[in-house]
Amino acid sequence: HTTHDTRHTTHDSQRMHDAVIAVRKSELGRSLILPDGNEALPLPGGRFARVITRRDWRDDEKTPVTQQTPDETRDRTRRAPQDTMRRALHEESAVHDQRAEESSSGLAVIG
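Heads up: these notes are all about the structure in this document. (Residues numbered from 1 in each chain as written. Predicted model: local features only at pLDDT ≥ 70, side-chain atom pairs only at ≥ 80, totals over all residues. Heavy atoms only, no water.)

**Observations concerning the overall build of the chain**
Piece 1. The helix and strand tally for the chain stands at four helices and two strands.
Piece 2. Its helices and strands in sequence order give the chain the pattern α-α-β-β-α-α, from N to C terminus.
Piece 3. By the burial criterion, 13% of the 111 residues in the chain qualify as buried.
Piece 4. Taking the intrachain contacts of the chain between residues at least 6 apart in sequence as the baseline, contacts between residues at least 24 apart amount to 29%.
Piece 5. Accessible surface for the chain amounts to roughly 9100 Å². Of this, 55% is attributable to carbon and sulfur atoms. (Helix = DSSP H or I, 4+ residues; strand = E, 2+ residues; numbered from the N terminus. Buried < 20%, exposed > 50% of the residue type's maximum accessible area, 1.4 Å probe, protein only. Contact = heavy atoms within 4.5 Å. Areas by Shrake-Rupley, 256 points an atom, 1.4 Å probe, with all protein chains shown as cover.)

Here it is as structure tokens:
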């Protein structure tokens, strides 16, 4: 697994969070916030789509609560290798990690 410098990640997440909150507090942003805190996305023809909004933005949290990470298809470091041996090692490592996580959470490991 690749380790990331969490100082940059935390700083970048806070900057993005603050920018989203600023947009939501703007006149235009406030006009698109629905009563439940989610957002309305204007569509052609005068229609709107309801956009499910992250809890930390919806609840105007001071710091990010939701931690977003790319899935395997979007994160090159988590993507399965293409050659046979590396792919087999990657798959076995994923199974091992899953079992370790289940064991530490108290869930039964079957198989």
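There's plenty left to go through after this.
**Overview of the packing of aromatic side chains**
Piece 1. Overall, the coordinates contain zero aromatic pairs when judged by the stated rule.
Piece 2. Above the plane of the ring of tryptophan 57 lies arginine 54, whose end atom (NZ or CZ) is 4.2 Å from the centre. (Phe/Tyr/Trp six-rings, centres within 6.5 Å; stacked < 30°, edge-to-face > 60°. Lys NZ or Arg CZ within 6 Å of the ring centre and 35° of its normal.)

**A look at the pairing of strand 1 (residues 39-42)**
Piece 1. Of the pairings in the sheet, the one linking strand 1 to strand 2 (residues 48-51) comprises four bridges and is antiparallel in character. Note on strand 2: the bridge partner recorded for alanine 40 is arginine 50.
Piece 2. Here strand 1 folds back onto strand 2 in antiparallel fashion, the turn holding five residues, of which glycine 45 has a positive phi close to 85 degrees. (Pairing = 2+ DSSP bridges.)

**Things to note about the side chain of asparagine 38**
Piece 1. Mapping asparagine 38 onto the fold places it in the loop between helix 2 (27-31) and strand 1.
Piece 2. Contacts of asparagine 38, omitting those with residues within four sequence positions, involve Leu32, Ile33, Arg50, Val51, Ile52, Thr53 and Arg58.

**So, the pattern of salt bridges**
Piece 1. Tallying each qualifying case throughout the model produces six salt bridges.
Piece 2. In this structure, arginine 24 engages glutamate 39 in a salt bridge whose closest nitrogen and oxygen atoms are separated by 2.5 Å. Residue arginine 24 is found in helix 1 (residues 6-25), and its partner glutamate 39 is found in strand 1; the two are separated by 15 residues along the sequence.
Piece 3. Relative accessible area serves as the criterion here: at 9%, arginine 24 is assigned to the buried category.
Piece 4. Given the relative accessible area of 23%, glutamate 39 is considered partly exposed.
Piece 5. In this structure, arginine 58 engages aspartate 59 in a salt bridge whose closest nitrogen and oxygen atoms are separated by 3.7 Å.
Piece 6. Judged by its relative accessible area of 29%, arginine 58 falls in the partly exposed class.
Piece 7. Residue aspartate 59 is classed as partly exposed on the basis of its relative accessible area, which comes to 40%. (Salt bridge = Lys/Arg side-chain N within 4 Å of Asp/Glu carboxyl O.)

**Here we look at the side chain of histidine 17**
Piece 1. Within the secondary structure, histidine 17 sits in helix 1.
Piece 2. A polar contact of 3.4 Å, which involves the side chain of histidine 17, links it to the side chain of tryptophan 57.
Piece 3. Residues in contact with histidine 17, not counting those within four places in the same chain, are Asp56, Trp57, Glu61, Lys62, Thr63 and Pro64. (Polar contact = N/O pair within 3.5 Å; in protein donor to acceptor, adjacent residues only side chain to side chain.)

**Considerations on the environment of glycine 37**
Piece 1. Note on placement: glycine 37 falls in the loop between helix 2 and strand 1.
Piece 2. Among the residues examined, glycine 37 registers a relative accessible area of 9% and is labelled buried.
Piece 3. Sequence separation between glycine 37 and isoleucine 52 is 15 residues; the distance between their C-alpha atoms is 8.8 Å.
Piece 4. Beyond its immediate chain neighbours, meaning those up to four positions away, glycine 37 contacts Arg24, Thr53 and Arg58.

Fair warning: the whole summary comes from geometry, so function is off the table for now.
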